[in-house]
Structure formats: structure tokens, C-alpha cells
Amino acid sequence: MKRYSAVRQAAAISFLLVCFVCPSLSHAIPAFARMYQTSCSTCHSDFPKLNDFGKAFKDAGFKFPADDETFLKIPATMLGAPAQKDLFPKAIWPGTIPGIPPIGLRFNTFFQKTSGNRGNFDALVPAGTPAPFIPKTDFSSGLFSIFAAGNFGSDIAFWVDQDFNVGGDNTAGGMGDGYLRFVNLGRVFKLPKDALHLRAGRFELDLPFSQARNINLSDYDIYDQANIGQLAFGPQQNVNNQFTMIDAMNGIELSGGHQYGGYHYSIALVNQNTSGLNQPDNSSGFVPSVAGFASDANFKDIYGRVSYRFNLEQDPASRNAVQAAGATGPRDHTYLNLGTYYFYGRSVTRFSGQDLAATPVVLTARQPFYRTGADFSFNYRTFNIYGLVMYGHDVNQVPVDATGTPLALPLDPAGPLPVGFVRGAPAAFTGGFIQADYLIHPWLMAIMRWDAVNSGPDRLNGLVLNTDTPFALPFRSTRNRFTPGMQFLIHANIKASFEYQIRPQQFVTVVTNPITGAPAALNPFRTNTIVVALEYVF
Amino acid sequence: MKSNYLFVVVALALIAQACFAGSVKGKVTPGKSVVYLEAAAPQMADKTVTMDQKGLLFQPHVMVIQTGTTVDFLNSDKVQHNVFWPNISGDKKKSHNMGTWPQGQKRPFKFTEPGVVTLLCNVHPEMAGYIIVSPSPYFAETGADGDYNLANVPDGQYTITAWHEGKKVQSKKITVSGNSTADFTLQ
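Caption draft 1: Geometry of the overall build of chain A. From N to C terminus, chain A includes six helices and 27 strands. Split into buried and exposed, the 538 residues of chain A put 50% on the buried side. Here the analysis covers contacts within chain A between residues at least 6 apart in sequence; of these, 65% occur between residues at least 24 apart. Carbon and sulfur atoms form 64% of the exposed surface of chain A, whose accessible area is close to 24400 Å².

In C-alpha cells:
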């Protein structure tokens, strides 16, 4: 139980810290540049953002959509002559591996300057307690990762990446994604081309806008949003759901269609992991596992997405091609993409309790939750505006004692034991983002972005940290910022990025209005941040 | 009788050219270069050749043509390509963009201005090809050893130019009378 309480406190503090430094993860694939002897910009408009050709390349299983072998400058290594197919099942089905190790490396480094008001948050910790130190200026190494991707023949694509270092000196990274993708599996069932693909392993959900290929220096706030129930100030919520949309998921995914035009769908079954990324492996000595199986429960979470992209060129040939045929050369389509998504899972909390006969039992609350929303993307030549909205909802099952009275959280060890749960007010949040990218030159990208997350529990939990100096009391928005930025490609594989995060006004000093009796905030301030990054892949 | 006269005239003309025509030989360092002569006025050819885009490459990588030649730009790839050149011998006013066309189709362009044309594709920035437009029919591509031989060049004053990818173009005046020599070391 202590761990449970500590996790909630840590989550609330983490929420404040996450607002400051949160370099995002992203990848471009130098291995493909080597194998095809082509530039990064064949697939990326401003790496790692994919252009239409890059989307088609990814859809096809990291291959050129047609005649792939004619473009390979380093031919694949045969793992069996094609004629071996005729011998199947008396021979292994022949495949290939890339002719060179398809490995890429990525590194980035950051510089940050935070406005002078950053020290005001020291007031949020009890007197005499060291507050998290936020330097005015600071350098930091960011991500160093290795990744490999390619195709094994028979339309089987692979991906694996490992982060050696993440967000700071000698900071342990970990496994990123790793999966096999069986492209156009529907041909086995005589389905239309590309109607069915299967992906298995560890992967980012098929989000409307990938965080892994996000060009921004900071994550989309809504993707980072966990749902921690209200700890104080009103009815408490027994919700401690650490799940966020950008968590890497273990599971399988069925998908179909294309990202560069027409329909696209995906549906995934993934492990339940609502305890955060670093939960311990299942460790029963009686049922030893061969790998680090670490689900919260038998239940598998479900994610689904449907979208349709309308390419708006008048000429049918151009409209249906991978890239539009412009007057001065191929380019991304002018398009409108509309989509929706839904994630359903269950969050688990357990208590030592008793039944009505006072026999000790473990009480388990399996609290359904969902995240849903809609998204759009409109592209005109080199201008792209896109965004999404999200609604998050967690059922709240509050522990009650034998009289049916809700128990205060965290449970008092000397108090009555819970015997069951009653449904309380759900923990919910809303939010989203809108971003506009304008590629002024092939090497220069201008960005404007607005992030918003509205979470009552987050706001109220801020008060728990120090009830004498309420934080952000008058606001319903817990995270709300404008982020203009510029990015410069020094080379196709080297990028300098600039981001200015303009946060809303916040308060740490609140007094009671002597006339109205309502709380009034004093000394509002902003903690804006400038982040500069250098990044390269090779 | 008329045809006999004509035969004699042609024969004399050929003999005269043989007597008053020479050759220009030499060596260009490094090899794999292009050499051409420039006379007083450009001489137009009436030919058509093909520059292919295949496997994300311009094929051939270097092509030498005479002014007046039409080049058919062919797309043999199952990806879209584009062809443009940002200048001809540095003259940005002579830039041109050929647009987009699908696999199997080609678009012609007649080169009437001499110079070096650097071909690019605006979706595959690693692609580059070169068309060297010679103002005369006297041009040659050297081998790897850099040796060249321009034969049957009428005697006279010329400007001889040597080009190699990535090197600075060099030109020099030359008087052709019999066998002449011009060596280049391109930097």
C-alpha cells in the first residue's frame, strides 16, 4: 500500500517536472539511404517527418512500392534460391536479408534556457525540503540510439531500436520498438491488395500523428497524459492509471489501407500496463517465465483507428499516385485526412481488505478506461496543418468499508478495512493539439503549435503538494502552451532545431478575496523555455 | 556528264579538306573528361538522343551532344521523377524545369545553347547527370587515361574547352593546322 501511495505522489510531482524537459524520440533511417543510395529527403520532408513517398515506403514494408529490386544498389543476400519455393514444404521458404547490416545511429544534444520565474516553484515543497533544481541554462546530451529496419523478403518487414541513452548523461535507455510486420497478408485470403497486414512485437500504437516521427523537440502534451485520480479537495478518486498514448505496447496489430491516400485502419491487442513503464516482471517462483512477462492482468487492451485521406488533385492519375504530379516535379498531395481512434483498457488497483465475514482477502478493482478522439490533417503543397482532440475517461471504483462508507485514500492502516468498491465520479480529462508546419525551403521548416490538456484531477493534485501555496488554482487547464519553432537542415541528416515554449500564466500564491471570499491568485508568472537542439543520424 | 562533274567536285572537296584539315590530340587530367571545340558560330545538328532516369540514376551520367540536338528525357522508374537544370554554364537565366511524367513516357528538349547543363531531380537530390552541349561537331569523351583525339578538324582558329565533373572548366585558344596538341590539367 505504501508503494501505491508513493507512486501517486511521484506521479503528481512528475507531472510538474514533465512540463520542463521532455525531448521526444524520433527516427530517420540511414540504412535505407545506404542501400538505395538515395537521400533522406526521398522519404522525409524534415526528418523524421515522412513525405508521401516515405509513407508509401513504410506501408510497403520498408520497400519501394514497386520494382524495389531495381532501386537497390546493394542487393539483398539470398537465404535460398527462389526456386526453393517449388520444393516447399520439403524446403525452407526462401527469404533474404539486407546486403549490408541495416543499422543506423542517432544522437542529439540540447541546450535549454528557462525564464527567471522557474524558482517560484520552490514554494510548492514544504519548507526545509530541497526543491527540484531547475537551472537557468543547461546543456544536455539527449538520445543516443541504434536502430535497424528492412525487409526479409516475402513482404516481411522488421524494425528494432534500442536507446542507449535517453535525456541526460549516462541515463539508462531501453528497448524502443521491435517487431515483424507481415505486409499484405490478405493475399493469403484473396483479399484486395494491402487490405490486411499483421504486426507483432513491441510497437508504438497507430496514433493519428506518430510521436516517434514527431519533428518537435517536446512531446505532444496530450500523448503524455496519464490519469491520476483526485487525491484531495472533494471526493477522492481511486484511479492511478499511468498509461499514456505514447507507451510502447507489446501485442499484435492488424491493419490495412494506405497512409498516402484512401482508407486506413488498424486494430491492436496489447498488454495491459497501467502501472508505468518500469513495473517489475512477473516473478512467481512457482511459474517461472522465459521472458519478462509483465502484464497487469489477463485482459488485453484494445486500440482501433480508422481514417480516410482525400487526395484533392483533379487529375485522377495524379490523385491516385503515391505523389502528386506537380508542374515543376512530384510533390506531396494536397489532401484532407480525417480519422478517429479509440483505446479501451482496464486499470488495476489492489487492496488488502476483508469480506463481510471479516476474512482477509485481496480486493481488486478492475477499472475500465478509454481514450478516444478525432483528428484531421490538411496539406497544401508545403503547408500542413493538423491536430487532434482526445477525451480520457477512467471509471472510479472507490473502496468502502462494511457500512458502505467510502474510505479516505491512502487507506489508514489503523482504520477499517475495505470490503468492496462503489462507483464514484470518473476521472476524466480532455485535450489535444493543433500544429502547422510550413516548409519554407527544403531545408527550413517553420512550426507553430498549441497544446492543451484540461484535467481537474491534475490541477487539484497540485494542491496536495503544498496546501499553503496552491498551484494553478484558478485554472482548469493544467497544461496549455504555444510552441513556435524553426528547424534547419544543415545536411539532409543533420538538423538544428529551435523551440520556444510559451506557457500560460501560473501562480503559487493564492489569497482569499476579503470581499467575495473566493480565492484570488497573486503574482502570476510564466515559465517559458527556449530549447535548442542539434541532431544527426548516420 | 553532269554527274561526272559533280563527282569530280566532291572528290576535290574531300581532297581539299584532307589537305586543309587536321586533328587535335591531347590529354586531360583527370581522365573521364569531355573536350570540345568552339568555332565562330554554333553549328546545329538535327539529332535526337535519350537521357534515361532509371534506378534513381541519370543514364548515361554524362552525355555530350552538339547544339541543335534534341534530348528525350525518359522515366524508366516506377517512381515519379522530375528533370530540371538550375543554369547552363552558370547562367541562371537559362534554368528550366521539365515537370513530372510517369514511367515509360518521355519529354523532349532541344538544346540550342552551348554549355554545361547539370541535370537534377527535385525529389531525389542525390541524382545528378550532365549534358555537355558542344557548339561544333568536334567533341570527344576521354577514357580513363584522359587521352582524346578530335579528327578532321578544318584548319582555323578555335577555342578548345575541357570539362570534368566537379572541376573548373578550362578553355584555351588553339590554331588548328595539321596535327595540333592541347593538354589540360583541370583543378
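So that's the structure; there's more coming.
Caption draft 2: Representation of a nonpolar patch on the surface within the structure. Residue and element names in this part refer to chain A. A cluster of nonpolar side chains, contributed by I252, L254, I267, L269 and I302, occupies part of the molecular surface with about 390 Å² of accessible area. Where the nonpolar patch is concerned, the elements lending two or more residues are strand 12 (249-257) and strand 13 (262-270). Relative to the helices and strands, L254 resides in strand 12.

Caption draft 3: Seen up close, the sheet that holds strand 6 (residues 70-75) of chain B. All names here are of chain B. One open sheet holds the four strands; their spatial order is 4-3-6-9, and the pairing between them is mixed. The open sheet terminates on both sides in strands that have one partner only, identified here as strand 4 (57-59) and strand 9 (106-110). Put simply, the sheet's adjacent strands are angled 25 degrees from each other on average, direction ignored. Two strands pair when backbone bridges link them, and strand 6 and strand 9 are joined in this way by five bridges, in the antiparallel orientation. Counted as the bridge partner of T70 is K110 from strand 9.

Caption draft 4: Up close: the pattern of salt bridges. All names here are of chain A. Inspection of every chain in the model, using the stated rule, returns 17 salt bridges over all chains. Across the salt bridge formed by E253 and R199, the nearest N and O atoms sit 3.0 Å from each other. With E253 in strand 12 and R199 in strand 9 (residues 197-203), the pair connects residues that are 54 residues apart, well separated along the chain. We classify E253 as buried; its relative accessible area is 5%. The residue R331 makes a salt bridge to E313 at a minimum N-O spacing of 3.4 Å. Of this pair, R331 sits in strand 16 (residues 329-331) while E313 is found in the loop between strand 14 (301-311) and helix 5 (316-320), placing the two residues 18 residues apart along the sequence. Here the residues in one salt-bridge network are K63, D155 and R187, joined through shared partners.

Caption draft 5: Summary view of the sheet that holds strand 12 (residues 139-141) of chain B. Residues and elements named next belong to chain B. If you walk across this open sheet you meet the four strands as 12-2-14-15, and the pairing is antiparallel. A single partner strand is all that each edge strand has here, and the edge strands are strand 12 and strand 15 (170-176). Within the sheet, the average angular offset between the axes of one strand and its neighbour, ignoring direction, is 20 degrees. Sheet topology places strand 2 (residues 34-38) next to strand 12; three bridges connect them, and they run antiparallel. The residue of strand 12 that forms the bridge with Y36 is F139.

Caption draft 6: Inspection of the nonpolar core at higher detail. Counting residues in hydrophobic clusters, the biggest one holds 60 residues, and the most contacted among them are Y223 of chain A together with F73, W85, F111, L119 and I131 of chain B. Ranked by residues supplied to this core, first place goes to helix 2 (residues 30-36) of chain A with four residues. In this structure, F73 of chain B is in contact with M51, V83, W85, M98, W101, Q105, K106, R107, F109, F111, L119 and I131 of chain B, ignoring residues within four places of it in sequence. Counting residues in hydrophobic clusters, the runner-up holds 17 residues, among them A140, I174, V176 and F184 of chain B.

Caption draft 7: A look at helix 3 (residues 52-59) of chain A. Residues and elements named next belong to chain A. Most of helix 3 is tucked away: seven of the eight residues are buried. Its side-chain oxygen 3.0 Å from the backbone nitrogen of F53, N51 forms the N-cap of helix 3. Directly after helix 3, the chain includes G61, whose backbone phi takes a positive value near 90 degrees.

Caption draft 8: A look at the packing of aromatic side chains. The final tally for this structure, using the stated rule, is 37 aromatic pairs over all chains. Ring centres of F64 of chain A and F71 of chain A lie 4.4 Å apart, and the angle between their planes is 25 degrees; this geometry places the pair in the stacked category. The same class applies to F64 of chain A and to F71 of chain A, which are both buried. Seen in terms of ring centroids, Y263 of chain A and Y265 of chain A are 6.4 Å apart; in terms of plane orientation they differ by 10 degrees. Their pairing is stacked. A residue is classified by how much of its surface remains accessible, and Y263 of chain A, at 38% relative accessible area, is partly exposed. Judged by its relative accessible area of 24%, Y265 of chain A is partly exposed. Through a chain of ring-to-ring contacts, three or more aromatic side chains come together here, namely F32, Y36, F53, F57, F62, F64, F71, F147 and W159 of chain A. If you follow K172 of chain B out to its NZ or CZ, it ends over the ring of F184 of chain B, 4.5 Å from the centre.

Parameters and conventions
- Residues numbered from 1 in each chain as written.
- Chains lettered and ligands numbered in written order.
- Predicted model: local features only at pLDDT ≥ 70, side-chain atom pairs only at ≥ 80, totals over all residues.
- Heavy atoms only, no water.
- Helix = DSSP H or I, 4+ residues; strand = E, 2+ residues; numbered from the N terminus.
- Buried < 20%, exposed > 50% of the residue type's maximum accessible area, 1.4 Å probe, protein only.
- Contact = heavy atoms within 4.5 Å.
- Areas by Shrake-Rupley, 256 points an atom, 1.4 Å probe, with all protein chains shown as cover.
- Patch = residues over 30% accessible without salt bridge, like charges linked within 9 Å, V, L, I, M, F, W, Y side chains within 5 Å.
- Salt bridge = Lys/Arg side-chain N within 4 Å of Asp/Glu carboxyl O.
- Pairing = 2+ DSSP bridges.
- Axes fitted to C-alpha atoms, helices over the stretch in contact; angles between N-to-C directions.
- Core = buried A, V, L, I, M, F, W, Y, C linked by side-chain atoms within 4.5 Å.
- Polar contact = N/O pair within 3.5 Å; in protein donor to acceptor, adjacent residues only side chain to side chain.
- Phe/Tyr/Trp six-rings, centres within 6.5 Å; stacked < 30°, edge-to-face > 60°.
- Lys NZ or Arg CZ within 6 Å of the ring centre and 35° of its normal.

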